[in-house]
Amino acid sequence: MSTLGAISLERDTPELARTYEQSGILQFHHGKFLIGPLALKSGDQVLDIGAGTGRLTEFAAGLVGPTGRVIGIDPLENRIAIACLRTSGALTFDVGRAEDLSRFGPAEFDAVYLNSVFHWIADKRLALREIERVLKPGGRIGLNVQDPTKPHESRTLLRQAIEQAGFGERSGESQRVLGATDDELRTLFVETGFVDYKSDLRSLVDLHQNVNSVLEWSEASAFGNFLGGFSPAERAEIDAAFAALVEARHTPEGLRLERYLRFAFARKPASQTTPSVS
Ligand SMILES: C[S@@+](CC[C@H](N)C(=O)[O-])C[C@H]1O[C@@H](n2cnc3c(N)ncnc32)[C@H](O)[C@@H]1O
């Protein structure tokens, strides 16, 4: 079984993948903020790592045009099956993970990006080494990642709900906030040989229809790991406590919850020079 602590890639199901395809529009919106600074242009070769069901990959393919190429990889077969339904000349998808890009040769890509993916990657150093290898000199990397010092509101409320439902002692590893701080990212990027690293933490406001849609979106986004490890009966109790807590976030526009993502950008040196950090 593939695990990251208590995180497992094997909790995904075709139904969660379908739900993600319907509700992953939230990731698509902030994905566009990620792609913008990469300045993709006609003819670019692009790798989307952790492409999920491929909505953002398809958008990127539109930017590079028919002379470019965008490849989306993701370890979850259910998500790639949906992504493969997208048709565009410049677009291909395959099952694969960030830590092993051995199917690609050195210096194949102008840009690599990871949208809401980096926090899930167990071996971040290995992933960045692989990305550096497949980028052309001067190639750009962009990613966004949860910052463990600023968990999403839904994650904070979930932890409270687990405690209120009486399972507080079990919320340790499974509810650990994954991700990377600015210092951790800077160190990883510089050690890997990237230059011009910069990052900033952004607040994203999500408006959900109702409590159920928060739960469904959270579980689909976490491919079954939002409440993974709890039995159906336990989940029902946690869901009820979570629902009560989230109701307090009701506004005339819907349920308002904030997420926080650190956006980070860097590039591979155009030639072998001493790495610089801004
Ligand atoms: C929240 S989804 C984001 C999907 C997509 N990037 C988007 O913008 O909609 C997170 C994705 O990260 C993928 N993922 C998890 N671990 C990964 C790894 N080690 N390498 C690549 N992708 C991974 C998951 O399979 C999942 O599809």
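Heads up: the structure comes first, above all this text.
Summary of the structure given here. (Residues numbered from 1 in each chain as written. Predicted model: local features only at pLDDT ≥ 70, side-chain atom pairs only at ≥ 80, totals over all residues. Heavy atoms only, no water.)

1. Things to note about the pairing of strand S3 (residues 45-49)
Part 1 of the reasoning: For S3, a buried count of five out of five residues is recorded, marking the element as mostly surrounded by other parts of the structure.
Part 2 of the reasoning: On S3, burial covers both faces: Gln45, Leu47 and Ile49 on one face and Val46 and Asp48 on the other are all buried.
Part 3 of the reasoning: Here five bridges tie S3 to strand S4 (residues 69-74), and the two strands are oriented parallel to one another. Directly across from aspartate 48, in S4, lies its bridge partner glycine 72.
Part 4 of the reasoning: Crossover connection from S3 via helix H3 (residues 55-64) to parallel S4: handedness right-handed.
Part 5 of the reasoning: Note: S3 against strand S6 (residues 109-114), three bridges, orientation parallel. Residue pairing in the sheet places aspartate 48 in a bridge with tyrosine 113 of S6. (Buried < 20%, exposed > 50% of the residue type's maximum accessible area, 1.4 Å probe, protein only. Helix = DSSP H or I, 4+ residues; strand = E, 2+ residues; numbered from the N terminus. Pairing = 2+ DSSP bridges. Right-handed = clockwise from strand over helix to strand, strands pointing away.)

2. Regarding the side chain of glutamate 219
Part 1 of the reasoning: Residue placement: glutamate 219 occurs in helix H8 (residues 211-221).
Part 2 of the reasoning: For glutamate 219, a relative accessible area of 9% corresponds to the buried category.
Part 3 of the reasoning: Only 2.7 Å separates the side chain of glutamate 219 from the backbone nitrogen of phenylalanine 226, close enough to count as a polar contact. (Polar contact = N/O pair within 3.5 Å; in protein donor to acceptor, adjacent residues only side chain to side chain.)

3. A few points about the nonpolar core
Part 1 of the reasoning: Counting 29 residues, the largest nonpolar core has Leu47, Ile131, Ile141 and Phe189 as the members making the most contacts within it.
Part 2 of the reasoning: Sequence-distant contacts of isoleucine 141, that is, excluding residues within four places in its chain, are made with Leu38, Val112, Leu114, Leu128, Ile131, Leu135, Phe189, Phe194, Ala264, Phe265, Ala266 and Arg267.
Part 3 of the reasoning: Ranked by size, the runner-up nonpolar core spans 25 residues in total, among them Phe167, Leu215, Phe230 and Phe242. (Core = buried A, V, L, I, M, F, W, Y, C linked by side-chain atoms within 4.5 Å. Contact = heavy atoms within 4.5 Å.)

4. Considerations on the site of the ligand
Part 1 of the reasoning: Taken together, 20 residues lie around the ligand, and Tyr20, Gly50, Asp74, Ala98 and Asn115 are the ones closest in.
Part 2 of the reasoning: One of the backbone N or O atoms of glycine 50 is found 2.7 Å from a nitrogen atom in the ligand.
Part 3 of the reasoning: Out of a free accessible area of 600 Å², the ligand has 97% covered by protein chains. (Near = heavy atom within 4 Å. Areas by Shrake-Rupley, 256 points an atom, 1.4 Å probe, with all protein chains shown as cover.)

5. Looking at the pairing of S4
Part 1 of the reasoning: Judged by how many residues are buried, S4 sits mostly within the fold: five of six residues are covered.
Part 2 of the reasoning: With five bridges joining them, S4 and strand S5 (residues 91-95) adopt parallel strand pairing. Its bridge partner lying in S5, isoleucine 73 is registered against aspartate 94.

6. Details of the packing of helix H1 (residues 14-23) against H8
The relative placement of two packed helices is expressed as an angle between their axes plus a distance between the axes.
Part 1 of the reasoning: Between H1 and H8, whose axes approach to 8 Å, the crossing angle comes to 115 degrees. It follows from the interaxial angle that H1 and H8 lie roughly perpendicular. Every pair of crossing elements has a handedness; the one defined by H1 and H8 is left-handed. Residues Leu16, Thr19, Tyr20 and Ser23 of H1 lie in contact with H8, whose contacting residues are Glu216, Trp217, Glu219, Ala220 and Ser221.
Part 2 of the reasoning: For the contact of H1 with H8, the residue count by class is four nonpolar, three polar and two charged. (Axes fitted to C-alpha atoms, helices over the stretch in contact; angles between N-to-C directions. Parallel < 35°, antiparallel > 145°, perpendicular 65-115°, else oblique. Left-handed = near helix turned anticlockwise from the far one by under 90°. Nonpolar A, V, L, I, M, F, W, Y, C, P; charged D, E, K, R; others polar.)

7. Some thoughts on unusual backbone geometry
Part 1 of the reasoning: A positive phi angle, near 55 degrees, is found at alanine 107, a position not held by glycine.
Part 2 of the reasoning: For alanine 107, the location among the structural elements is in the loop between S5 and S6.
Part 3 of the reasoning: Phi is positive for phenylalanine 223, which is not a glycine, with a value near 35 degrees.
Part 4 of the reasoning: Tracing the backbone through its elements, the reader meets phenylalanine 223 in the loop between H8 and helix H9 (232-247).
Part 5 of the reasoning: The class for phenylalanine 223 is buried, based on a relative accessible area of 8%.

8. Description of the packing of aromatic side chains
Part 1 of the reasoning: Taken as a whole and judged by the stated rule, the model has seven aromatic pairs.
Part 2 of the reasoning: Note on phenylalanine 167 and phenylalanine 230: the rings are 5.9 Å apart at their centroids and 55 degrees apart in plane angle, and the pair reads as tilted. On the criterion of sequence distance, the pair formed by phenylalanine 167 in the loop between helix H6 (153-164) and helix H7 (182-192) and phenylalanine 230 in the loop between H8 and H9 is long-range, its members being 63 residues apart. The exposure classification of phenylalanine 167 matches that of phenylalanine 230, with both residues buried.
Part 3 of the reasoning: Here a set of aromatic residues connected by ring pairs shows up, and it is made of Phe189, Phe194 and Tyr197.
Part 4 of the reasoning: The cationic tip of lysine 150 hangs over the ring face of tyrosine 260; the distance from NZ or CZ to the ring centre is 4.4 Å.
Part 5 of the reasoning: Above the plane of the ring of phenylalanine 263 lies arginine 202, whose end atom (NZ or CZ) is 4.1 Å from the centre. (Phe/Tyr/Trp six-rings, centres within 6.5 Å; stacked < 30°, edge-to-face > 60°. Lys NZ or Arg CZ within 6 Å of the ring centre and 35° of its normal.)

9. With respect to helix H5 (residues 124-134)
Part 1 of the reasoning: Among the residues of H5, Lys124, Ala127, Leu128, Glu130, Ile131, Glu132 and Val134 are the ones counted as buried.
Part 2 of the reasoning: Of the surrounding secondary structure, the elements contacted by the buried residues of H5 are S3, S6, strand S7 (135-146) and H7.

10. What about the pattern of salt bridges?
Part 1 of the reasoning: Under the criterion given, the structure shown has 19 salt bridges.
Part 2 of the reasoning: Its salt-bridge partner being glutamate 132, residue lysine 268 comes within 4.0 Å of it at the nearest N-O pair. Of this pair, lysine 268 sits in the segment after strand S10 (254-267) while glutamate 132 sits in helix H5; the two residues are 136 residues apart in sequence, bridging distant segments of the chain. (Salt bridge = Lys/Arg side-chain N within 4 Å of Asp/Glu carboxyl O.)

Function cannot be read off these values alone, since they describe shape.
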